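Listed here are the chains, written in short residue letters.
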Amino acid sequence: MKSTLPGVLFLILAAAASAVLPARGATRPAAAEAPLKVVTTVPDLADIVREIGGDRVEVSSICKGRENLHAVTAKPSHLVALSRADLFVEVGLSLEIAFVPGLLENCGNERVKPGGKGFVNVSEGWAALDVPTSLSRQAGDVHPQGNPHMNLDPRAGRWIAGKVLTALVLNDPASKSQYEARHADYGKRLAEAEARWARLGSSFKGVRFVEYHQEFEYFAARYGMVISGKIETKPGIPPTPNHLAELMASMKQAGVKLVLSAPWSSGGEVPRIVKETGAKLVELPNQCGSFPGTDTWIGMMDLMHGRLAEALGVPAK
Ligand SMILES: [Zn+2]
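Just so it is clear, the structure is predicted and the values come from calculations on it, not from any experiment. (Residues numbered from 1 in each chain as written. Predicted model: local features only at pLDDT ≥ 70, side-chain atom pairs only at ≥ 80, totals over all residues. Heavy atoms only, no water.)

A. Layout of the overall build of the chain. Looking only at helices and strands, one finds 10 helices and eight strands in the chain. Looking at the 317 residues of the chain, the share that counts as buried comes to 52%. If you take every contact in the chain between residues at least 6 apart in sequence, the share linking residues at least 24 apart comes to 66%. Carbon and sulfur atoms form 57% of the exposed surface of the chain, whose accessible area is close to 14,000 Å². (Helix = DSSP H or I, 4+ residues; strand = E, 2+ residues; numbered from the N terminus. Buried < 20%, exposed > 50% of the residue type's maximum accessible area, 1.4 Å probe, protein only. Contact = heavy atoms within 4.5 Å. Areas by Shrake-Rupley, 256 points an atom, 1.4 Å probe, with all protein chains shown as cover.)

In structure tokens:
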């Protein structure tokens, strides 16, 4: 699967956007009291920007919650939103490489491009898992900088909130005290949530599971869960019949009783694997908005911990 949008399509998108409004310059001409216009790639980031930004931000997210983030298609409306944005916030680590580079290249808004004041990559400085030791397509083609699904790490909310605070203060220093107060309040609610998750997560240690895509590595690492196999042959590469046969045999042999998938990956081979191995399927979000109750990042984490606890028979308290 080619992961970048064809150039011709982008020319069309760019033309559509430029017909709507003129390109933004590197400076922010809007009145100081106007809210910052923020575009995020995933709803997780939109939620945390709203938490820290309050009424100082107007936020929209390109993804809505049920997409395979490695196969998102850009639309003219995304280009228009970016052309008007003061801030663009991405997860990074190549998670959004299918749609972000083309959008940034063609949005005509220098401010939100890499190196611009309004460009925010929240995984900058994050210690990524599974960083390839050699650049080879043998390892699959969608995780070139290591595992990019850091938004599913129970510790990511705190990390992202810090990055968002820094970016908002940089772009709107007059509202610094408001951002800091909201960040402190969010930090308190995160601390309560983190304690709740740690209590449940202590029961996840050593639990073995198979996942469709390499999405739950950070979550598993947090609690010492063991990933016994992946349904994809490599990240971004669908399974072959041979791979599936070997996987199911190894699951039966090792007694692996849990399969994790996300909304985009739960069809296809997953039901058959679950049926043939007698394992339990737990669908987890790959981003906010995947399921009802996951509109906020804290809500999403609550649902992830809750669904796993229920599947494993861990008492709620
Ligand atoms: Zn991935």
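B. Structural view of the packing of helix 2 (residues 43-53) against helix 5 (residues 156-171). At a closest axis distance of 9 Å, the pairing of helix 2 and helix 5 adopts a crossing angle of 60°. Considering their axes alone, helix 2 and helix 5 lie oblique with respect to each other. Classified by chirality, the crossing of helix 5 by helix 2 is right-handed. Every residue of helix 5 that contacts helix 2 at Leu-45, Ile-48, Val-49, Ile-52 and Gly-53 is listed here: Gly-157, Ile-160, Ala-161, Val-164, Leu-165 and Leu-168. (Axes fitted to C-alpha atoms, helices over the stretch in contact; angles between N-to-C directions. Parallel < 35°, antiparallel > 145°, perpendicular 65-115°, else oblique. Left-handed = near helix turned anticlockwise from the far one by under 90°.)

C. Region of interest: the sheet that holds strand 2 (residues 57-61). Taking strand neighbours across the sheet as the criterion, the four strands line up as 2-1-3-4 in an open arrangement whose pairing is parallel. Since the sheet does not close on itself, it has two edges, and those belong to strand 2 and strand 4 (119-121), each with one partner. The mean inter-strand angle of the sheet, taken between neighbouring strand axes irrespective of direction, is 20°. Sheet topology note: the strand 1 (residues 36-40)/strand 2 ladder contains five bridges and is parallel. The residue of strand 2 that forms the bridge with Leu-36 is Val-57. (Pairing = 2+ DSSP bridges.)

D. Main features of the environment of Ala-184. Along the chain, the position of Ala-184 falls in helix 6 (residues 176-201). For the pair formed by Ala-184 and Ile-52, sequence separation is 132 residues and the distance between their alpha carbons is 8.8 Å.

E. Structural context of the environment of Thr-40. Position of Thr-40 among the secondary structure elements: in strand 1. The class of Thr-40 is buried, set by a relative accessible area of 0%. Along the chain, Thr-40 and Val-89 lie 49 residues apart, while their C-alpha atoms are 4.6 Å from each other. Residues within four places of Thr-40 in sequence aside, it is in contact with Leu-45, Ala-46, Val-49, Val-59, Ser-60, Ser-61, Ile-62 and Val-89. Only 3.5 Å separates the side chain of Thr-40 from the backbone nitrogen of Ala-46, close enough to count as a polar contact. (Polar contact = N/O pair within 3.5 Å; in protein donor to acceptor, adjacent residues only side chain to side chain.)

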